[in-house]
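The primary structure of each chain is shown beneath.
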Amino acid sequence: MFDRLFYREKGLFLQSFHPATVLVYLLVLLILSLIYDHPLYLLALFLLLALLIREVDGLDAWEGFLKAGVFLMLVVMMVNPLVIRAGKTIIWHGPAVPFLGKLDISMEAVYFGAASSLRLLVIISIFCLYNLMINPDKILNLFSRVAGKSVLVMSLATRLFPTMVRDLQRIREVQQLRGVDFDTGNLWQRAKKYSGLYNVLLLSSLEGAMEIAESMQARAFGSGRRSVYSRNILRPRDLFCLGGSLLALSAAVWGLRYGYGRYTFYPEADFLIKDGATLAVLFIVLFYLSVPLILSKGWKHCRFLKSKI
Amino acid sequence: MPLFKVENLTYYYPGTEKPALKNISLEIREGEFLLVTGGSGSGKSTLARVLAGLIPDFYGGRIGGKVFFRGREIRTLDRRKLAREVGMVFQDPEKQIVQSCVEAEIAFGLENLGLPPEEMSRRVAEVVSFMNLSPVQEAFTANLSGGQKQKLALASVLAMQPRVLILDEPTSQLDPVSAEEILNVVKRLNEEMGFTVIMVEQRLERCFHLADRVLLMAGGEIICHGSAAEGAREAVRRGLPFVPPVARFFACLNSPVVPVTVKEGRELLQSYLKGNIAVTKPDVPRRNHNSNIKEHEKNSIISLKNVWFGYPGGQEVLKDISLDIKEGEFVAILGENGAGKSTLLKIMVGLLRPGRGRVYVRGKEVGRNGFKEIRKFTAYLSQNPNDYLFQETVEDELLFTMRNFGLKDRGHVEEILHRLQLEPYRRRNPRDLSSGERQRVALASVLVTGPGLIILDEPTRGVDLGLKSVLGHFLQEEAAKGKTVIVVTHDVEFAAEFAGRVVMMFAGRIVADGEKHAVLGRSVFYSPQISKLCRGICDGVLTFAEAQEQLGPLLAAKPAALIKSTGEKAIWGRAGGCTPH
């Protein structure tokens, strides 16, 4: 059930980048999603992410991530107009409420709520793309030179999580057939039933931990300084992507210095497209950010490009 | 100079007063294939851990005597150096994998040895190629099958290029096909690459013939070590079940030669019966525990009608299954991994609902959350007995189930503890017991309600031959009382010995269903060793007892061939090991 939310090796082009490249690229996307206020810029990032997620065959997983985000999005969209009084264009005069005062809802507050929600969806989509693009083991491998033991613990946790989800399901079934009804009783009774369930899981996991430790000892773990086996390869595609990411970030920072990507919500919302330069800067940033997407398409359809990257 | 030399080894686990190993003395030559066998708690896994240097380093405890590896005391060896020389593969593939990616797992040991990257790359490539792991090289370890995981565990040890390979029941958790694959690799490593192999194993019919020497252990002591034939004779003499059926058959005959493979056995049998081969289909007496009730008069307990099932987003697991199981039947469901056997059981107990088709239990259709309606009547034992154990004592474990169903009669608890020989452990924490004992506690915890339907998923996995026999007889008794027993198993020998009816599944379909002789007797691959031995000589024989019954009179006519040089005459059943297990 949860499998689709995690990384699966599909042999896709976008999964073949060096993990450092993907980290830089996603970091740039994250920075831009945080520094941009402009709804159009955020919308463009969202659409780019949608295309990338589609390219990495992850629309199913994205749906799962978005479902989790939609609740937060609704909360932001509803609470923001109720508590913000800075907007000038009032679209609904509400009653006076203790502590909050008069509930006047302004158009600008709705705009701001919508833009914030969009930002939230962009950030969620970045994490979704991370899960789809990078094998977590390769990321851990990247850091194992600097933090070997912590990385190993994380790697073990990554490996054991799906196993534990499966174990929990199995133990639940076993207990149900031994007469435990998890969906009946008051809160205390249910908590007690679930504690039994987790108790089995904990006991079995502790026993499993001893066996894993024994197997590690048998393979000389802790017998001296370790070396690191690296499986990551740097290809021309990584250089293109790194270049694109850095150029996009530079162009975005330059644009922001001149106000492109900023947006004033209060007291009165700004024009969505103030001038041609707003669109030009957006186009440039978006072009650089689209490098992995363009390369992926080229990989599929252009034999020449495929042989060069 | 022997590779290993063990002198007067005695070992106590921490906090115990009973030695796990008692005064063991042993020598192991370089390049030898040593098979270590014995019952649960006989000390075979402990001995393997001593030879791998894990005892007492990892476990602690008290140790006496000495263990030498290539002339040096093993405890004085640097751990890294020892790991380069001696590799160990454990029983449960799930519990020895550390990394989340296959390639990283193979490199794990190499990283621990501090090898340079070029050396690691070379070794990983070699091992991936040798073990044929290329298709899953980039795969997530959590997504591998049990067999692939055990192959990976073996690969990660082989990458360290040890001189000695110690395997602690490497196939006990695997299906027959995966087990065969692992054993073939081990055989190649020993025969073609000169590895010294020390294998602890209970699935003897597949590996007995591979061994140069067999070591039989009981109560922490070596009770016999010698060639496979010598081991077989000694086990039979002592009444122990740790002998493959073919070897047991001939050892019981006091045959001067004890064959360990079906091929050798058939040659010998044919030579004994020269000119007198009875290619017959004898009228093997069929045991029927409910002979006083006619088949058609029995009530249907489980009935599946055109059942289809597929997991969301997955392939169809069950395809048009129709099955009718009556009261008092003991049914074994056989089939390869992924054939849909466990899913079928879950459908039967109402944990899963079929996509199409109907399931009736005692004539009543099982609907949504159907398990709630039938669970008081049903005992279901999953593949992992540990899923059942979390109470303070064995007795509490049984009382937990009783309480959940509102049952108060403690007589059931006493009865089931007695029948499953669990009385001595009633106040013990179930997690402190051995794997075979845990299995019985888990079984007791579901049987305590006195169910009419007993459904077990792989109950013989990791269980020694002695306990397997206890379990088989227990289930036969339950069936004889009119209860219905359904067992999913890979263990053809178990099915042949104890079940009455066999259902074979393949790719979600039932491909054979009928009385066990009709199904297993006709199969080439899913037939027990005794059946393979007798095929074409005395068809229709499945079990040891039937072979005794059918071939006994024929062989008795040839006394000269069966008289040992000592002049001892062949008499069936003279030793304990000659009674059916």
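The shown structure was predicted, so the numbers you read here are calculated from the model rather than taken from an experiment. (Residues numbered from 1 in each chain as written. Chains lettered and ligands numbered in written order. Predicted model: local features only at pLDDT ≥ 70, side-chain atom pairs only at ≥ 80, totals over all residues.)

Let us now look at the overall build of chain A. The helix and strand inventory of chain A stands at eleven helices and two strands. Secondary structure elements of chain A, listed N to C terminal, follow the sequence α-α-α-β-β-α-α-α-α-α-α-α-α. Its C-alpha atoms give chain A a radius of gyration of 25 Å, more than 25% over the compact-globule value 19 Å for 309 residues. With respect to the three principal axes, the spread of C-alpha positions in chain A is 65 × 65 × 35 Å. Looking at chain A residue by residue over its 309 residues, the buried ones come to 32%. For chain A, long-range pairs separated by at least 24 residues make up 76% of all intrachain contacts whose partners lie at least 6 apart in sequence. (Helix = DSSP H or I, 4+ residues; strand = E, 2+ residues; numbered from the N terminus. Rg over C-alpha atoms; globule rule 2.2 N^0.38 Å. Buried ≥ 20, exposed ≤ 12 C-beta atoms within 10 Å, placed from the backbone. Contact = placed C-beta atoms within 7 Å.)

Looking only at helices and strands, chain B features 20 helices and 20 strands. For 581 residues, the compact-globule estimate of 2.2 N^0.38 gives 25 Å, and the C-alpha radius of gyration of chain B, at 25 Å, lies within 12% of that figure. Principal axes of the C-alpha set define a box for chain B whose edges measure 70 × 60 × 50 Å. Relative to all contacts within chain B whose residues are 6 or more apart in sequence, the contacts with residues 24 or more apart total 68%.

All names here are of chain B. Sheet topology note: the strand E11 (residues 300–310)/strand E14 (residues 356–361) ladder contains five bridges and is antiparallel. Bridged to Ile 302 within E14 is Val 361. The sheet contact formed by E14 and strand E15 (residues 364–365) spans two bridges and is antiparallel. Counted as the bridge partner of Tyr 360 is Glu 365 from E15. The antiparallel hairpin formed by E14 and E15 contains two residues in its connecting segment, where Arg 362 sits at a positive phi of about 50°. (Pairing = 2+ DSSP bridges.)

Of the consecutive residues A:Tyr266 and A:Pro267, the connecting peptide bond is found in the cis state with omega at -5°. By the element assignment, A:Pro267 lies in the loop between helix H8 (236–257) and helix H9 (276–289). In the segment running from B:Ile55 into B:Pro56, the intervening peptide bond is cis, with an omega of 5°. As for its placement among the helices and strands, B:Pro56 is situated in the loop between helix H1 (44–51) and strand E4 (62–69). With phi around 50°, B:Asn23 is a residue other than glycine that occupies positive phi space. As for its position among the elements, B:Asn23 is in strand E2 (residues 21–28). The exposure class assigned to B:Asn23 is partly exposed, which follows from the 14 C-beta atoms found within 10 Å. Phi at B:Asn132 takes a positive value of approximately 55°, unusual for a residue other than glycine. Along the chain, B:Asn132 falls in the loop between helix H4 (117–130) and helix H5 (146–158).

Here we come to the pairing of strand E19 (residues 501–506) of chain B. All names here are of chain B. Two strands pair when backbone bridges link them, and strand E13 (residues 330–335) and E19 are joined in this way by five bridges, in the parallel orientation. Considered in E19, the bridge of Gly 335 is made with Met 505. Pairing of E19 with strand E20 (residues 509–515) involves six bridges; the strand directions are antiparallel. The residue of E20 that forms the bridge with Arg 501 is Glu 515. The turn joining E19 and E20, which pair antiparallel and follow one another in sequence, is formed by two residues; a positive phi near 45° is taken by Ala 507.

Position of B:Pro241 relative to the elements: it lies in the loop between helix H8 (228–238) and helix H9 (245–252). Separated by 203 residues in the primary sequence, B:Pro241 and B:Gly38 place their C-alpha atoms 8.8 Å from one another.

All right, on to the packing of helix H3 (residues 102–112) of chain B against H4(B) then. Residue and element names in this part refer to chain B. It is the contact of H3 with H4, at a shortest axis distance of 10 Å, that shows an interaxial angle of 125°. One way to sum up the angle between H3 and H4 is to call them oblique. The two elements H3 and H4 meet at a crossing, and its hand is right-handed. On H4, the residues that touch Glu 103, Ile 106, Ala 107 and Leu 110 of H3 are Met 120, Arg 123, Val 124, Val 127 and Val 128. Class assignment for the residues of the contact of H3 with H4 results in seven nonpolar, no polar and two charged. (Axes fitted to C-alpha atoms, helices over the stretch in contact; angles between N-to-C directions. Parallel < 35°, antiparallel > 145°, perpendicular 65-115°, else oblique. Left-handed = near helix turned anticlockwise from the far one by under 90°. Nonpolar A, V, L, I, M, F, W, Y, C, P; charged D, E, K, R; others polar.)

On the chain A side, the residues contacting the 55 residues of chain B number 45 residues. The set of elements that each furnish at least two residues to the side of chain B that touches chain A consists of helix H2 (79–85), H3, H4, H5, strand E16 (378–381), helix H13 (394–404) and helix H15 (435–447) of chain B. The residue makeup of the side of chain B that touches chain A, split by class, is 30 nonpolar, 14 polar and eleven charged.

The subject of this paragraph is the sheet that holds E2(B). Residue and element names in this part refer to chain B. Reading across the sheet, the four strands line up as E2-E1-E4-E5 and stay open at both edges, with antiparallel pairing between neighbours. In this open sheet, the two strands that pair with only one neighbour each are E2 and strand E5 (72–73). Across five bridges, strand E1 (residues 4–12) lies against E2 in antiparallel orientation. Within the sheet, the bridge partner assigned to Leu 9 lies in E2 and is Ile 24. Against the sheet, H1 engages E1, E2 and E4, with an angle of about 125° to E1.

This next bit is on the sheet that holds E13(B). Backbone-to-backbone hydrogen bonds pair the strands of a sheet. The strands run either parallel or antiparallel. All names here are of chain B. Sheet architecture is open: six strands sit in the order E16-E17-E18-E13-E19-E20, paired in mixed fashion. On the outer flanks of this sheet lie E16 and E20, each paired with one strand and no other. Adjacent strand axes in the sheet meet at a mean angle of 15°, parallel and antiparallel pairs treated alike. Of the pairings in the sheet, the one linking strand E17 (residues 453–457) to strand E18 (residues 484–488) comprises five bridges and is parallel in character. Paired with Asp 457 across the two strands is Val 488, which belongs to E18.

Counting buried positions along helix H5 (residues 136–143) of chain A yields six of eight residues, so the element is predominantly enclosed. Buried within H5(A) we find A:Pro136, A:Asp137, A:Lys138, A:Ile139, A:Leu140 and A:Asn141. Each element contacted by the buried residues of H5(A) is listed here: helix H1 (19–35) and helix H6 (148–177) of chain A together with H3 of chain B.

Moving on to the environment of A:Met78. Mapping A:Met78 onto the fold places it in helix H3 (residues 59–83). In this structure, the C-alpha to C-alpha distance between A:Met78 and A:Ala109, residues 31 residues apart in sequence, is 9.8 Å.

By the secondary structure assignment, A:Arg8 is in the segment before H1. Given 18 C-beta atoms within 10 Å, A:Arg8 falls into the partly exposed group.

Residues and elements named next belong to chain B. Residue-level pLDDT values for chain B average 86, and 91% of them are 70 or greater. With pLDDT under 50 throughout, residues 284–293 is counted as low confidence; its partners more than four residues away or in other chains account for 13 contacts. For residues 563–576, every residue scores under 50 in pLDDT, and the model assigns this stretch 20 contacts once sequence neighbours within four places are set aside. Scored as a whole, the predicted complex attains pTM 0.80, and scored at its interfaces, ipTM 0.85. (pLDDT = per-residue confidence, 0-100.)

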